[in-house]
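# Observations on the three-dimensional arrangement
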Amino acid sequence: MSGKKKGKLSKAERERLQREEEERKLKEEEERLLAEKEEAERLEREQKLQEERDRLEAKDQERREAELIELHLLLDGNRISANNWYEKLRKQAKWNRYMRCDGSPDPSITQEINTFINLSKEDSNKNTNSMMSNATLAINLTDELENLLAETPAHEMNEKDIVQHMETIINLQNLVHFKYDEVTEEILKHSTESADPDTGNMQMVIKKDDIIICLWANLTKDPRFKGYEFPETGLAFELPKPLASMDIAVRFLYSRHDHLSSRSQSFHLQVKNPATNIMTEPELNDTKDIEVDQVDGEQKEETENLRLSENEPESVSAEDRKSSMSLVSNKDETKSLSERKTEEEEQKPPESMADETMECVTEEAPIPAPTETSFVLDENVIDLRQYRSLGGIYYFDVFRLPPQPTLRNGWTMVELVQSGMHNFPYPFETQKTNESEKTDEKEIETLSLPPVGVSVRLPDNVLFLEQPKIGRWDFTSKEWKMDRINNVKYDQENKSITFTMDMFYTFAFMQDGYINMPFQSWELRPLGVNNALLTITAAITEVQIEVKGDKCRLNCAPAENGVLSRIGGQWMNLKALINVMRSVGVNIFVEEDSYKYASINAKNSVAENAAYEQMALLSSAYAFAWSRWNAESGTEHIVLKVSEHLKTQPVDDEDWKIYMVSSRRAMRLKITEYSDAFSDDLAENSEFHSTFLHMIKDGISEEALEQMNQSHFLFIDCMQKLLNATKVLTFS
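Our subject in this report is the structure included herewith.

Quick notes on the rules
- Residues numbered from 1 in each chain as written.
- Predicted model: local features only at pLDDT ≥ 70, side-chain atom pairs only at ≥ 80, totals over all residues.
- Heavy atoms only, no water.
- Helix = DSSP H or I, 4+ residues; strand = E, 2+ residues; numbered from the N terminus.
- Buried < 20%, exposed > 50% of the residue type's maximum accessible area, 1.4 Å probe, protein only.
- Contact = heavy atoms within 4.5 Å.
- Axes fitted to C-alpha atoms, helices over the stretch in contact; angles between N-to-C directions.
- Parallel < 35°, antiparallel > 145°, perpendicular 65-115°, else oblique.
- Left-handed = near helix turned anticlockwise from the far one by under 90°.
- Phe/Tyr/Trp six-rings, centres within 6.5 Å; stacked < 30°, edge-to-face > 60°.
- Lys NZ or Arg CZ within 6 Å of the ring centre and 35° of its normal.
- Pairing = 2+ DSSP bridges.
- Core = buried A, V, L, I, M, F, W, Y, C linked by side-chain atoms within 4.5 Å.
- Expected span 1.5 Å × (residues − 1).
- Polar contact = N/O pair within 3.5 Å; in protein donor to acceptor, adjacent residues only side chain to side chain.
- Salt bridge = Lys/Arg side-chain N within 4 Å of Asp/Glu carboxyl O.

A count of helices and strands for the chain gives 16 helices and 24 strands. Counting every position in the chain, which comprises 732 residues, the buried fraction comes to 46%. The contacts of the chain with a sequence gap of at least 6 include a subset with a gap of at least 24, amounting to 71%.

The structure is reproduced here in structure tokens:
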């Protein structure tokens, strides 16, 4: 009985529980009503936002055609003015070359340059200075012809002339080495007259411009001789013991000019990436496929046969002619999309061009997968699309020492031999094993000869950002290879490197051309009318490029980096700046196939190219910068920071606004750089526009508009090319 009484609830408790239940239901009802109200308000807000968005989109659609035509006319006017300007410069340069009276031949005129080459080879003047000057002139003519090919648009030069100029370049390069061999031969013929009284051997260093020749002649034939160092050049070699008692001479020929890499098959573009080469349908119909001839690898020439002799034919070989054709195809293939469009647009009526512009902007161009050729490199071959020779080329040879003059009874007697330099075979031909012969390991060890040791103090005018790769040039396959090079020791503090090779090779130091990519951030800031500063914080270095008019310069404080400070502050055109920066080891410029070697943030190429064009138009009055939201906006949209900036000081953080650009429209976003998440909500009191330019002009001040309108077409053209060369929107 007591248990039952204990389980019953009292009347007060039942009333309390009933009240709590009623309160709970009342609260749930209130929460439900509040949620319904909030949901209704949310739907109402979304409906209003959608209605407002639809209204803005309709408004954008109404003015779309007018905005696109206005943008096209502005871009087309600047482009035509720039092209006309550059055409006048080319004509003036051609006239100035014709009127030059310094005695040097015009390398673009076949008769003149062939006469020069023939007379240079037949020149009986064996004065060292004269021969070196002749080689320097040939180098200058080579550079002049290469610049002519690079600066002249494809439609102004027919294929026959291009092939002829490429053959001329190869002939001039061969003439250069022919002259250096003549200098070497003339010095070695009189080695005893220049013998060092301390060592008894002859050692000599010749420096002229960008060339250094280090010669050592073995006159004592001391079997205990180990090697020699040329202290003024930082070059040293360790001679294999079997050569210490031979009539030989060792030569280092150092040249800052790389005349070999361009002959390699891997140097030229082998991969085309449609993602960076999207064209409109009319362009695709008008564009012919360009076939890249590959260099035929079947060659029978040995290293010593590549040395030019007096009876060598003047014309280039069929191999080099094929290589020239490949270079011609590569010249057209690597031309930027904007340059190809320019050449085609100049031949089309304005209405056709307007239609293409609208089609280009309105279509959401897909990004197809990259297509590759069947060209595959051997594992030991260095891919010159990724790596670049840095610091010059080292031609390392061992020659037979010419007979030395002897004095007998007042007569000077010299043994007459065939003229020209003759390579000394090492390893010895008698000790080379036939692949068909069966030899055991002990016999192979007996036949092996000690390697050649090399020590090099790296040039102080280049920047090695990591330990360089060492490549040896294979004259048969015409490739840089990494095999047969051992015992590599790199002293980063003293900038020196030592290694051994199984024979005497031409070698070079290679650096990854994309070691500075992807970029960490970037900023383009105006410094005034026709003046802007592009700052790129790359993976390792920070680079500042100032643009003023149609010239660029690298801004670098002398205390920051000794290498960059040497080239900083010098105004030059963009192509020259790109070549100079790459030559010192600082590459922030991309190629058509760069996506293979660097991590990128892929974007629709139509939207990207359009963004660069319009950023160039605005760069006298507006600053642009990297945004972290660009990586989260997808491939079809580009997000960047924008600020009107009429001061020379850096942009304040609160002045930046976030803009999003696609191939269809541009808009200002509601988010900031420090928002918690990405959102494509439109900023308040803002509208859609069909172009980035009109989106910016929607809130532009009168002063900024005036400054933008004062931008010169050469500045706009230079800025656009710089942005296209760095592609900061995808490589950051």
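Let's shift gears to the packing of helix H3 (residues 110-122) against helix H4 (residues 128-151). Where H3 contacts H4, the two axes come as close as 12 Å, and the packing angle between them is 155 degrees. It follows that H3 is roughly antiparallel to H4 by the angle criterion. H3 and H4 meet at a crossing whose hand is left-handed. Note on element contacts: H4 touches H3 through Asn134, Leu137, Ala138 and Leu141, opposite Ile113, Phe116 and Ser120.

Moving on, we get to the packing of aromatic side chains. Describing an aromatic ring pair means giving the distance of the ring centres and the angle of the ring planes. Taken as a whole and assessed by the stated rule, the structure comprises 19 aromatic pairs. When the centroid spacing of 6.5 Å and the interplanar angle of 85 degrees are considered together, the rings of Trp473 and Phe475 count as edge-to-face. Side by side, Trp473 and Phe475 carry an identical accessibility label, which is buried. Stacked on the ring of Tyr505, the Lys or Arg Arg472 has its end atom at 4.7 Å from the ring centre. Across from the ring centre of Phe688, 4.6 Å away, lies the NZ or CZ of Arg665, which sits over that ring.

With that out of the way, let us pick up the sheet that holds strand E15 (residues 496-501). Taken in spatial order, the five strands make up an open sheet running E3-E4-E11-E15-E14, and their pairing is antiparallel. In this open sheet, the two strands that pair with only one neighbour each are strand E3 (227-230) and strand E14 (485-491). The average angle at which neighbouring strand axes cross in this sheet is 10 degrees, direction not considered. Sheet topology places E14 next to E15; five bridges connect them, and they run antiparallel. What sits directly across from Ile485, in E15, is Met501.

This part is about the nonpolar core. Buried together is how nonpolar side chains tend to be arranged in soluble globular proteins. Counting 67 residues, the largest nonpolar core has Trp522, Ile545, Met581, Phe624 and Phe692 as its most contacted members. Setting aside its immediate chain neighbours within four residues, Trp522 contacts Leu534, Thr535, Ile536, Met615, Phe624, Ala625, Trp626, Leu640, Val728, Leu729 and Ser732. One finds Leu215, Ala249, Leu384 and Phe399 within the second-largest nonpolar core, a separate group that totals 39 residues.

The next point concerns the sheet that holds strand E5 (residues 248-255). Strand order across the open sheet formed by seven strands is E1-E2-E5-E8-E16-E12-E13, with antiparallel pairing between neighbours. Looking at the sheet topology across the chains shown, the edges are occupied by strand E1 (202-208) and strand E13 (479-481). Between one strand axis and the next, the sheet turns by 25 degrees as a mean value, whatever way the strands run. In the sheet, E5 pairs with strand E8 (residues 387-400) via eight bridges, with the strands oriented antiparallel.

Time to look at helix H5 (residues 159-188). Relative to the 44 Å expected for 30 residues at 1.5 Å per residue, H5 spans 44 Å between its end C-alpha atoms, a close match to the ideal helical length. Where burial is concerned, most of H5 is hidden: 24 out of the 30 residues are buried. For H5, the side-chain oxygen to backbone nitrogen distance between the N-cap and Lys160 is 3.2 Å, and the N-cap itself is Asn158.

Right, let's get into the pattern of salt bridges. Under the criterion given, the structure shown has 36 salt bridges. Note that Arg16 is salt-bridged to Glu20, the shortest N-O span being 3.0 Å. Of this pair, Arg16 and Glu20 both sit in helix H2 (residues 11-99), separated by four residues, roughly a single helical turn. Overlapping salt bridges bring together Lys59, Arg63, Glu67 and Glu687 as one network.

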